[in-house]
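In case you want the letters, here they are:
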Amino acid sequence: QVQLVESGGGMVQAGGSLRLSCAASGSTFSINARGWYRQAPGKQRELVASITSSGATDYADSVKGRFTISRDNTEDTVYLQMNSLKPEDTALYSCAARGKLSGMWLYWGQGTQVTVSS
C-alpha cells in the first residue's frame, strides 16, 4: 500500500501562484508514476500533470506553460507549481500514484481545494 498526503491548497486571486505538495509513504517501490488530478463541480476528473520514475513529464493542454510538476531527490514528494492561475483552475486537486504492474492509478490522496477568484 502507498499513502499519499497533499498540502498547499488554498484561495488565490487570478494571476497568482500556489504550490501543492504530495508526500508518499509505504510501498513506494511498487509505483512508477505520480500525478495530479483535479475535479471541478459538475465536471469530469482530469489528469493535470504526471511524472514518471524516469522523470518524464506530461501536462494537460489547459495547464501547459503555467503548471510544473517536479519531485524531490528522494522521489517521495511530488510538487505541482501553479502559476498564472485562472478561475477555471478552481477544483479539488488530488495526487495519485500509478502501480508498476497494473499501469493503473491505484493510490489517491484526500485532495486539497484550490480556489481562484477573479
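Cut-off values and rules
Residues numbered from 1 in each chain as written. Predicted model: local features only at pLDDT ≥ 70, side-chain atom pairs only at ≥ 80, totals over all residues. Heavy atoms only, no water. Helix = DSSP H or I, 4+ residues; strand = E, 2+ residues; numbered from the N terminus. Polar contact = N/O pair within 3.5 Å; in protein donor to acceptor, adjacent residues only side chain to side chain. Contact = heavy atoms within 4.5 Å. Pairing = 2+ DSSP bridges. Axes fitted to C-alpha atoms, helices over the stretch in contact; angles between N-to-C directions. Core = buried A, V, L, I, M, F, W, Y, C linked by side-chain atoms within 4.5 Å. Buried < 20%, exposed > 50% of the residue type's maximum accessible area, 1.4 Å probe, protein only.

A. Quick look at the side chain of Thr112. Assignment of secondary structure puts Thr112 in strand S11 (residues 112-117). Here Gly9 takes part through its backbone nitrogen, which lies 3.2 Å from a polar atom of the side chain of Thr112. If we ignore the near neighbours within four places in the chain, the residues touching Thr112 are Glu6, Gly8, Gly9, Leu20, Ala91, Leu92 and Tyr93.

B. Summary view of the sheet that holds strand S3 (residues 18-26). Spatially, S1-S3-S8-S7 is the arrangement adopted by the four strands of the open sheet, whose pairing is antiparallel. With one partner strand each, in any of the chains shown, strand S1 (2-7) and strand S7 (67-71) form the two edges of the open sheet. The average undirected angle you get between the axes of adjacent strands in this sheet is 15°. As paired elements, S3 and strand S8 (residues 77-82) share six bridges and run antiparallel to each other. Residue pairing in the sheet places Cys22 in a bridge with Val78 of S8.

C. The arrangement of the nonpolar core in detail. Judged by nonpolar contacts, the single largest core of 29 residues is most densely connected at Leu4, Trp36, Phe67, Ile69, Leu80, Met82 and Tyr93. Of all the secondary structure elements, the ones that give two or more residues to this core are S1, S3, strand S4 (31-39), strand S5 (46-52), S7, S8, strand S9 (91-99) and S11. Contact partners of Leu80, with chain neighbours within four places excluded, come to Leu18, Arg19, Leu20, Trp36, Val48, Ala49, Phe67, Thr68, Ile69 and Tyr93.

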